[in-house]
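# Summary of structural features
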Amino acid sequence: MRHVSTALACLLPVAAAASEDIADKYPASELYDKPVEVIPHVWSAIGATAPPTYENAGHNNNLSFVVTGDGVVVINGGASARLAAALHDEIKAVTDQPVKLVINENGQGHAMLGNSYWADQGVDILAHEEAIAEVEENGDFILQGMQRYNRDKAEGTRVVAANRSFSDREVIEMGDVTLEVLHLGSAHGPGDTQVWIPDWDIVIAGDIAFHERMPPIFQDTCTSCWIDTFDGPFTGLGATYVIPGHGHPTNMAQVTRYTSDYLRDIRAKVGAHLDEGGDLAGAYYVDQSNWAHLDTFEELATKNAGRVFEEMEWE
């Protein structure tokens, strides 16, 4: 129960200490940190809140798993085959139950490049149809990016798309657990997927929800859609516990503050800049000081502002 208590302490409405400046918290493993039991039977290896590096082996997102009583469901394939194997070693230390399903939270490298390991174990892989399309279109490019920073740690990794797809909702009944695999709407990127376990009031949220690091806004991100999806069906789940895509387990108040509230704030700042006749160059300097304490602020703040300007310019 010590691990449960440690993880649940992070559910208090105060942001846990983030880890952008810590290169590796678990040197004995390819994983950035050892998995913790967030609530009974739900575990997560919390990744770095920094960008992917050789030191963190690309483990800068959360790799979670659910022990159902009749098998294990893994959420996120990991950033490489070696990272997936390291997670599997930790799962075997927790339970003798076999991994029966892997779910990719989206089509990004840290969610799916480890699929190659899991496919070689004969495990089914489930992803949203848009995430699969992302992998099929950009998988080689994503793999090359991982190989550049990960060097020898990229060994054995190849692009493998999920062999099972869903559109809006797929219910997984395994052992004593019912998991709802959801695509609640447009948010952070194509194929964003949430895993909701209603009997346990926990959502493994993926990249719809942030709180310790700044949310990245991609060129194809619709921030108004993200707000609508977050404030609507995602909040409507009524989750007590939230495992976000990045950062420690927390609660809805925290991820609302640092996701929906952040998106509303930057849209308001950029909107005011547009109303004053401002241009793209000036948009990079809109005031985001309220969020400067978040990890990856320096890497993302100006990019986010520019992308929101380009989005709102045509609204």
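None of the values given here were measured: they were computed from a predicted structure.

Rules used in this analysis
Residues numbered from 1 in each chain as written. Predicted model: local features only at pLDDT ≥ 70, side-chain atom pairs only at ≥ 80, totals over all residues. Heavy atoms only, no water. Pairing = 2+ DSSP bridges. Helix = DSSP H or I, 4+ residues; strand = E, 2+ residues; numbered from the N terminus. Axes fitted to C-alpha atoms, helices over the stretch in contact; angles between N-to-C directions. Disulfide = S-S within 2.5 Å. Buried < 20%, exposed > 50% of the residue type's maximum accessible area, 1.4 Å probe, protein only. Left-handed = near helix turned anticlockwise from the far one by under 90°. Contact = heavy atoms within 4.5 Å. Phe/Tyr/Trp six-rings, centres within 6.5 Å; stacked < 30°, edge-to-face > 60°. Lys NZ or Arg CZ within 6 Å of the ring centre and 35° of its normal. Expected span 1.5 Å × (residues − 1). Parallel < 35°, antiparallel > 145°, perpendicular 65-115°, else oblique. Polar contact = N/O pair within 3.5 Å; in protein donor to acceptor, adjacent residues only side chain to side chain. Right-handed = clockwise from strand over helix to strand, strands pointing away. pLDDT = per-residue confidence, 0-100.

To continue, consider the sheet that holds strand E8 (residues 169-174). Spatially, the five strands line up as an open sheet ordered E8-E9-E10-E11-E12, and their pairing is mixed. One side of each edge strand has no neighbouring strand; the edge strands of this open sheet are E8 and strand E12 (241-244). Mean inter-strand twist for the sheet, computed between neighbouring axes without regard to direction, equals 20 degrees. Bridge analysis of strand E10 (residues 194-197) against strand E11 (residues 202-206) gives three bridges, and the strand direction is antiparallel.

With that settled, consider the state of the cysteines. Per the counting criterion, the structure on display carries one disulfide. Between the sulfur atoms of Cys222 and its disulfide mate Cys225 the distance is 2.2 Å. Its torsion about the S-S bond being 70 degrees, the disulfide of Cys222 and Cys225 is classed as right-handed. Residue class for Cys225 comes out partly exposed when judged on its relative accessible area of 28%.

Packed helices, taken two at a time, are described by their axes: the angle between them and the distance between them. Viewed as axis vectors pointing N to C, helix H7 (residues 252-275) and helix H9 (residues 297-312) meet at an angle of 65 degrees, and their least axial separation amounts to 9 Å. Like other packed secondary-structure pairs, H7 and H9 cross with a definite hand, here right-handed. Touching Tyr262, Ile266, Arg267, Val270, Gly271, His273 and Leu274 of H7 are Asn304, Ala305, Val308, Phe309, Glu311 and Met312, all from H9.

As a further point, take the sheet that holds strand E5 (residues 99-103). Spatially, seven strands are ordered E1-E2-E3-E4-E5-E6-E7 in an open sheet, and the strand pairing comes out mixed. Both outer strands of the open sheet, strand E1 (36-39) and strand E7 (164-166), are each paired with one neighbouring strand and no more. For this sheet the average axis-to-axis angle between neighbouring strands, irrespective of direction, equals 25 degrees. Where strand E6 (residues 124-128) lies against E7, three bridges are found, and the strand directions are parallel. Opposite His128, over in E7, you have Phe166 as the bridge partner. Seen against the sheet, helix H2 (residues 81-94) touches strand E2 (42-45), strand E3 (63-67), strand E4 (72-75) and E5 and runs at an angle of roughly 30 degrees to E3. The strands that helix H5 (residues 129-150) touches are E6 and E7; relative to E6, the one it contacts most, it runs at about 100 degrees.

As a further point, take the packing of aromatic side chains. Both the distance between ring centres and the angle between the ring planes are used here to describe each pair of aromatic rings. In this structure the tally under the stated criterion is six aromatic pairs. On the basis of an interplanar angle of 55 degrees and a centroid distance of 5.0 Å, the ring pair of Phe230 and Phe234 is categorised as tilted. A residue pair is termed a helical-turn pair when its members lie 3 or 4 positions apart in one helix, as Phe230 and Phe234 do in helix H6 (residues 223-236) at four residues. Taken together, the ring pairs in this structure connect Tyr258, Tyr262 and Trp291 into an aromatic cluster. For the cation-ring pair, Lys153 lies above Tyr54, with the distance from its terminal atom to the ring centre recorded as 4.1 Å.

For the rest of this paragraph, the subject is H2. An α-helical turn contains 3.6 residues, so a residue and the one three or four places further along point in the same direction. Here H2 spans 20 Å end to end across 14 residues, near enough to the 20 Å set by a 1.5 Å rise per residue. By the burial criterion, the buried members of H2 are Ala81, Leu83, Ala84, Ala86, Leu87, His88, Glu90 and Ile91. In this fold, the buried residues of H2 make contact with E2, E3, E4, E5 and helix H4 (115-120).

For the rest of this paragraph, the subject is the packing of H6 against H7. Viewed as axis vectors pointing N to C, H6 and H7 meet at an angle of 155 degrees, and their least axial separation amounts to 9 Å. Accordingly, the angle class assigned to the pair H6 and H7 is roughly antiparallel. Considering how the two elements wind past one another, H6 and H7 form a crossing that is left-handed. Along the contact surface, H6 presents Thr223, Ser224, Trp226, Ile227, Phe230, Asp231, Phe234 and Thr235, while H7 presents Met252, Val255, Thr256, Thr259, Ser260, Leu263, Arg264 and Arg267.

Let us look at the environment of Ser116. Along the polypeptide, Ser116 turns up in helix H4. Exposure remark for Ser116: the relative accessible area of 0% places this residue in the buried category. Sequence spacing of Ser116 and Val99 is 17 residues, and the spatial spacing of their C-alpha atoms is 14 Å. Once residues within four sequence positions are removed from consideration, Ser116 is found in contact with Ala81, Gly156, Thr157, Arg158 and Val160. Within polar-contact distance, the side chain of Ser116 engages the backbone nitrogen of Arg158 at 3.5 Å.

Turning our attention to the pairing of E5. Among the five residues that make up E5, four are buried, leaving the element largely enclosed by the rest of the structure. Pairing of E4 with E5 involves four bridges; the strand directions are parallel. Note that in E5 the partner of Val74 across the bridge is Val102. A crossover links E4 with its parallel partner E5, the connecting element being H2, and its sense is right-handed.

Confidence along the protein averages 94 in pLDDT terms, with 94% of residues attaining 70 or more. Here residues 1-7 is a poorly scored stretch, pLDDT under 50, and it has seven contacts once near neighbours within four places are set aside; other chains count. Predicted confidence for residues 9-16 stays below pLDDT 50, and this span has 16 contacts to residues more than four positions away or in other chains.

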